[in-house]
Amino acid sequence: MANEQEIREIKESIIKLEAQVAELKAGSRGSRSSWASFGIGFLIVFAVFIISVGVLQFIS
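A quick note: this is a predicted structure, and the numbers were derived from the prediction, not measured. (Residues numbered from 1 in each chain as written. Predicted model: local features only at pLDDT ≥ 70, side-chain atom pairs only at ≥ 80, totals over all residues. Heavy atoms only, no water.)

Peer 1: Teacher, can you tell me more about the overall build of the protein chain here?
Peer 2: Secondary structure assignment for the protein chain yields two helices and zero strands. Compactness check: the protein chain gives a C-alpha radius of gyration of 26 Å against a globular reference of 10 Å for 60 residues, more than 25% above the reference. Each principal axis of the C-alpha distribution contributes one length, and for the protein chain these read about 90 × 15 × 5 Å. Per-residue burial over the protein chain gives 0% buried out of 60 residues. Working note: accessible area of the protein chain is about 5,900 Å², and carbon and sulfur atoms make up 69% of it. Each charge sign in the protein chain was given a centre, from 6 positive and 6 negative side chains, and these centres are 13 Å apart. (Helix = DSSP H or I, 4+ residues; strand = E, 2+ residues; numbered from the N terminus. Rg over C-alpha atoms; globule rule 2.2 N^0.38 Å. Buried < 20%, exposed > 50% of the residue type's maximum accessible area, 1.4 Å probe, protein only. Areas by Shrake-Rupley, 256 points an atom, 1.4 Å probe, with all protein chains shown as cover. Lys, Arg positive; Asp, Glu negative; His and termini not counted. Charge placed at Lys NZ, Arg CZ, Asp CG, Glu CD.)

This is the structure we're talking about:
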């Protein structure tokens, strides 16, 4: 009896863990890491800076 109860509890915990893993996998597909967001933002700001310097050099 005790073994059956323990097996049932283990099965329930495994099912809960599988559900949590599936939820984490589904949530991570649409988001970027913080380093990727930082890199993209840095490249955009750097490009705008270079373009603005070029425009100022052209005007003067």
